[in-house]
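Residue strings, one per chain:
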Amino acid sequence: MLIERIVAPNPGPMTLTGTNTYLVGDGAGNLAVIDPGPEDLPRHLDAILAAAHALGRITTVVVTHRHLDHLPLAIPLCKETGARLAGHPDLPGVEQPLGQNAPTFNGMVALHTPGHTRDSVCLWNASEATLFTGDLVLGSGTAVLDDAPGALTDYMSSLEQLFGLRPRTIYPGHGPIVPDGAAKLTEYLEHRRLRLQQVLDALGHHGPSTVAELAAAIYTDVAPSMLPMAGRNVRANLELLLSESRIERLDGDRWQLMR
Ligand SMILES: [Zn+2]
């Protein structure tokens, strides 16, 4: 399967080098575009159209989730090419709703993988063991969790679902292409288990603590501007541990180990 990556010119702390837009071909001149990118980027739209022009015709545009660095450019791209928009049924403007295992393009199927957002889908090509992960798995660093309750539980089971496929290559929404997908998923699962343990250890060491205190104790290596984001991850860990009755919540949003 032909796969070409076009990096959008929107680099930043959350988007790494920029959003990865993928052009995928079926060998018969039909093309799918995965994650066109943010709006107000005519330069990126032109780059996608130019790359497609040399290869065939864009018939499908797939969006992995609703975030503003992935979805908005799909609208002008579909308008320009007549392609139909495929994605999670909850995404605005979707013409081809992707249920679990729905055929998507050229043998790829959609997988529901909540955790980063509730409407996240991955695309799996079993014959080539290739996986498009959107923001569930990134080429470098770790993914950010949804703000919704239960996001970490969802995220862990999504990672386990993907690990069960033993993907060879992962094409992430940001950062470099991952040549050993199964190893990356192992690393991600171990990282999340380590964070859970770090929260338990910090509570054991410091006693009852707030989310901000735990974030500062655990994320000693991140810039202060990123601490609120780290706090979201800490809270997700606390919710998971609470659901397993390993910790309890005190007045004033303070947390302690279950006694
Ligand atoms: Zn995202």
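Residues numbered from 1 in each chain as written. Predicted model: local features only at pLDDT ≥ 70, side-chain atom pairs only at ≥ 80, totals over all residues. Heavy atoms only, no water.

Focus on the coordination of the zinc ion
Each pair of donors in an ideal four-coordinate tetrahedral metal site encloses 109.5 degrees, whereas pairs in an ideal six-coordinate octahedral site enclose 90 or 180 degrees. In the first shell of the zinc ion, the protein supplies His65 (NE2), His67 (ND1), His116 (NE2) and Asp135 (OD), at 2.2 to 2.3 Å from the metal. Relative to the metal, the four donor atoms surrounding the zinc ion lie at angles of 87 to 166°, and the coordination shape comes out irregular. Under the relative-accessibility criterion, histidine 116 is labelled buried at 8%. (Donors = N, O, S within 2.8 Å, 3.2 Å for Na, K, Ca; no water. Tetrahedral: all angles 85-135°; square planar, octahedral: opposite > 155°, others 65-115°. Buried < 20%, exposed > 50% of the residue type's maximum accessible area, 1.4 Å probe, protein only.)

Quick notes on the domain arrangement of the protein
Entries for the protein in the domain assignment read domain 1 (2-179) and domain 2 (192-257). Computed over C-alpha atoms, the centres of domain 1 and domain 2 are 31 Å apart. Across the boundary between the two partners, domain 1 contributes 17 residues, which contact 11 residues of domain 2. Between domain 1 and domain 2, the buried area comes to about 1100 Å², and carbon and sulfur atoms account for 62% of it. The three residues of domain 1 that bury the most area against domain 2 are Leu145, Leu152 and Met156, which together make up 43% of that side's buried surface. Linking domain 1 with domain 2 are two salt bridges. One salt bridge in this structure joins glutamate 160 and arginine 193, with 3.4 Å as the shortest N-O distance. Our count for the domain 1 to domain 2 interface comes out at four residue pairs in polar contact (both at pLDDT 80 or more). Considered class by class, the residues forming the side of domain 1 that touches domain 2 number 11 nonpolar, three polar and three charged. (Domains from an automatic or database assignment. Contact = heavy atoms within 4.5 Å. Buried area = accessible area lost by both parts, 1.4 Å probe. Salt bridge = Lys/Arg side-chain N within 4 Å of Asp/Glu carboxyl O. Polar contact = N/O pair within 3.5 Å; in protein donor to acceptor, adjacent residues only side chain to side chain. Nonpolar A, V, L, I, M, F, W, Y, C, P; charged D, E, K, R; others polar.)

Observations concerning the side chain of histidine 70
Mapped onto the secondary structure, histidine 70 falls in the loop between strand E4 (57-62) and helix H2 (74-81). Side-chain polar atoms of histidine 70 contact the side chain of aspartate 35, separated by 3.0 Å. One polar contact links histidine 70 to aspartate 69, side chain to side chain, over a distance of 3.5 Å. (Helix = DSSP H or I, 4+ residues; strand = E, 2+ residues; numbered from the N terminus.)

A short note on the layout of surface pockets
Of the pockets and cavities examined, the largest pocket occupies roughly 620 Å³. Along the wall of the largest pocket there are 28 residues; nearest its centre are Met14, Thr142, Val144, Met226 and Met229. Looking at which element gives the most residues to the lining of the largest pocket, the answer is helix H6 (residues 227-243), with four residues. Class assignment of the residues belonging to the lining of the largest pocket gives a composition of 12 nonpolar, nine polar and seven charged. Taken together, domain 1 (2-179) and domain 2 (192-257) each give at least three residues to the lining of the largest pocket, which thus spans both. (1 Å grid on protein atoms, 1.4 Å probe; cavity = no way out; pocket = protein on both sides within 12 Å on 5 of 7 lines; lining within 4 Å. Points joined across faces, edges and corners; volume = space filled by probe spheres on them.)

Let's talk about the packing of helix H4 (residues 181-206) against H6
The interhelical angle for the contact between H4 and H6, taken along N-to-C directions, is 85°, at an axis separation of 10 Å. Compared by their axis directions, H4 and H6 come out roughly perpendicular. Taking contact as the criterion, the partners of Arg192, Arg195, Leu196, Val199, Leu200 and Leu203 in H4 are, on H6, Asn233, Asn237, Leu238, Leu240 and Leu241. (Axes fitted to C-alpha atoms, helices over the stretch in contact; angles between N-to-C directions. Parallel < 35°, antiparallel > 145°, perpendicular 65-115°, else oblique.)

So, the packing of helix H5 (residues 211-218) against H6
Packing of H5 against H6 brings their axes to within 8 Å, and their N-to-C directions diverge by 105°. As far as their axial angle goes, H6 and H5 are roughly perpendicular. When H5 is examined against H6, the residues Val211, Leu214, Ala215 and Ala216 are found in contact with a partner set consisting of Leu227, Ala230, Gly231, Val234, Arg235 and Leu238. Here the contact of H5 with H6 is composed, by residue class, of eight nonpolar, one polar and one charged.

Quick word on the sheet that holds strand E8 (residues 108-112)
Strand pairing in a sheet relies on backbone hydrogen bonds. The paired strands run either parallel or antiparallel. Taken in spatial order, the five strands line up as E7-E8-E9-E10-E11 in an open sheet, and their pairing is mixed. The open sheet terminates on both sides in strands that have one partner only, identified here as strand E7 (103-105) and strand E11 (169-172). With direction set aside, neighbouring strand axes in the sheet form an average angle of 30°. Across two bridges, the pairing between E7 and E8 is antiparallel. If you follow proline 103 over to E8, its bridge partner there is valine 109. Set on the sheet, helix H3 (residues 151-163) makes contact with E8, strand E9 (121-125) and strand E10 (130-134); between it and E8 the angle comes to about 155°. (Pairing = 2+ DSSP bridges.)

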